[in-house]
Amino acid sequence: PAVNYSRPLGDDNAYLSLGVMGGLMQQRFDPSRLVLGDQFVAGANGAFSVAPSSGQVFTNTSVNYIDLSAGLSFKNDLNNGTRYYIGAGIFHITQPRVGFFEGNKITLNKKLALNMGFSAPTSETDTFKLYADYFQEFTDGFHAAGSTFQAGMIFNHDFFVEGDIRKAISFGALYRLSDAIIPVVRLQVSKCIIGVSYDINISPLVVASQYRGGFELTVSYVDFLNYNNAERRQVQCF
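Residues numbered from 1 in each chain as written. Predicted model: local features only at pLDDT ≥ 70, side-chain atom pairs only at ≥ 80, totals over all residues. Heavy atoms only, no water.

Asks: What am I meant to see in the overall build of the protein here?
Replies: On a plain count of helices and strands, the protein comes out with 1 helix and 14 strands. Taken against the 2.2 N^0.38 rule, which gives 18 Å for 238 residues, the C-alpha radius of gyration of the protein at 24 Å runs more than 25% over that of a compact globule. By principal-axis analysis of the C-alpha atoms, the protein measures approximately 80 × 40 × 35 Å. A buried classification covers 21% of the 238 residues belonging to the protein. Contacts in the protein between residues at least 24 apart in sequence constitute 41% of all its contacts with a sequence separation of at least 6. Carbon and sulfur atoms form 60% of the exposed surface of the protein, whose accessible area is close to 16200 Å². (Helix = DSSP H or I, 4+ residues; strand = E, 2+ residues; numbered from the N terminus. Rg over C-alpha atoms; globule rule 2.2 N^0.38 Å. Buried < 20%, exposed > 50% of the residue type's maximum accessible area, 1.4 Å probe, protein only. Contact = heavy atoms within 4.5 Å. Areas by Shrake-Rupley, 256 points an atom, 1.4 Å probe, with all protein chains shown as cover.)

Quick look at the structure:
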């Protein structure tokens, strides 16, 4: 589960939010479905056959652990319709062990996420948005390990807006450092939102991938739990 608490700062335009997420996780596998290297036996004619069993012994095929994350963000709406937010989160606070072998220390490293976003109207029907994310992994004792950065821009056009009814299209592109360029298109009809994106690979793997990546489809429904309480709906999403 994820729990979030938002508190107004001075007026209804600025909010400070604290979020916590965590739960009991389980990972497991079925060793009978594995085919390992020592099961391949070479024949006299150079062909290989697969032996029915392996010499590899698994003493543990399931692992349980608690995973916790927390974050803090600040959001502000300016008088001209411009909005911005900044946030930070830390994931895998408990740095849980996920290894299947006894005594083999394999952990989920702590990960710091910094993000920010900016949204400004360019006309009565159009909005321009920018956002950026930075991720940093840490080993024991918060020693810095791998990091990555991504940023993007989105242009939104409203065809029709009246109350909660909205028809709009959004399109733009994201960039993940030394990895991918991601064009994005999103359609909103009333409270249903459908988005499509595609990762165009630009990493060193491009020799093999030939710039190919993968499609991603997202479907969202806004106000699924709407209690029609004005006080409880005063917090605006970015």
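Asks: I keep staring at the environment of Leu205 and nothing clicks. Help me out?
Replies: Along the chain, Leu205 turns up in the loop between strand E13 (200-201) and helix H1 (206-209). The exposure class assigned to Leu205 is exposed, which follows from its relative accessible area of 60%. Expressed as a C-alpha distance, the spacing of Leu205 and Asp179, which sit 26 residues apart in the sequence, is 8.9 Å.

Asks: Is there a simple way to think about the pattern of salt bridges in this case?
Replies: Between side chains of opposite charge, a pair can form as their charged atoms come close. Per the stated rule, a full pass over the model turns up 5 salt bridges. For the salt bridge of Asp77 with Arg83, the shortest nitrogen-to-oxygen distance reads 3.8 Å. On the accessibility criterion, Arg83 (26% relative accessible area) is partly exposed. The closest approach of N and O atoms between Asp158 and Arg166, which form a salt bridge, is 2.9 Å. Under the relative-accessibility criterion, Arg166 is labelled partly exposed at 27%. (Salt bridge = Lys/Arg side-chain N within 4 Å of Asp/Glu carboxyl O.)

Asks: What is the right way to look at the side chain of Asp67 in this model?
Replies: Along the polypeptide, Asp67 turns up in strand E5 (residues 62-77). Looking at Asp67, its side chain comes within polar contact range of the side chain of His92, at 3.0 Å. (Polar contact = N/O pair within 3.5 Å; in protein donor to acceptor, adjacent residues only side chain to side chain.)

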